[in-house]
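# Commentary on secondary and tertiary structure
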Amino acid sequence: MSLSQETVIAVKKTIPSVGKNAEKITTRMYEILFSKYPETKPLFANAQGDQHKKLAGAIAAFAANIDNLGALSAAVEKMANTHVLTKVKPEHYPMVADALITAMGDVLGDDFTDEYKQAWIEAYTFLANILMQREKELYSQQNS
């Protein structure tokens, strides 16, 4: 599976506004995530205080490299390993998606059009599937 060209173009169009507001988006995302899905809070028990900054950087890097995902392979591997250590499961991804997309809408307002929202949903789902597949492999290595 690959991303549609329309999605790639739409996500790239959001780079200036997402990049400028990335930390606001991720700060808001964690507020939404922990209030709406309190069961996710323990997953971040050992996260550093600048976790929102790290995620902001990852989102910006993903948007910038959405048409060259190979450039993100080391970051994806690190993220997958961290997720396995903290016991992230596939059922957590929709919760994060909801919080992230809602936060983008809250922070970007009218700039986060339906086109951009749909593009980010597709892009997030694409990346989440890559992560879940790698995490599945890592979990199975632990259990063998």
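Our subject is the structure listed above.
These notes cover the structure that comes with them. (Residues numbered from 1 in each chain as written. Predicted model: local features only at pLDDT ≥ 70, side-chain atom pairs only at ≥ 80, totals over all residues. Heavy atoms only, no water.)

## Overview of the pattern of salt bridges
Our working definition: Any Lys or Arg side-chain nitrogen found within 4 Å of a carboxyl oxygen on Asp or Glu counts as a salt bridge. The numbering of helices and of strands both runs from the N terminus, where a helix is a DSSP run of H or I of at least 4 residues and a strand a run of E of at least 2. For every residue, the accessible area (1.4 Å probe, protein chains only) is compared with the maximum for its type, and the residue is labelled buried under 20%, exposed over 50%, or partly exposed between those bounds.
Per the stated rule, a full pass over the model turns up six salt bridges. Among the ionic pairs, Arg28 bridges to Asp106, the shortest N-O distance being 2.9 Å. Note that Arg28 is positioned in helix α2 (residues 15-36) and Asp106 in helix α5 (residues 93-108), a separation of 78 residues in sequence. Given the relative accessible area of 30%, Arg28 is considered partly exposed. Owing to a relative accessible area of 43%, Asp106 belongs among the partly exposed residues under this scheme. Taking the shortest distance from any N to any O, the salt bridge between Asp98 and Lys36 comes out at 2.7 Å. Of the two residues, Asp98 is situated in helix α5 and Lys36 in helix α2; the sequence distance between them amounts to 62 residues. For Asp98, a relative accessible area of 22% gives the class partly exposed. What you see here is one network of salt bridges that share partners, running through Arg28, Glu31 and Asp106.

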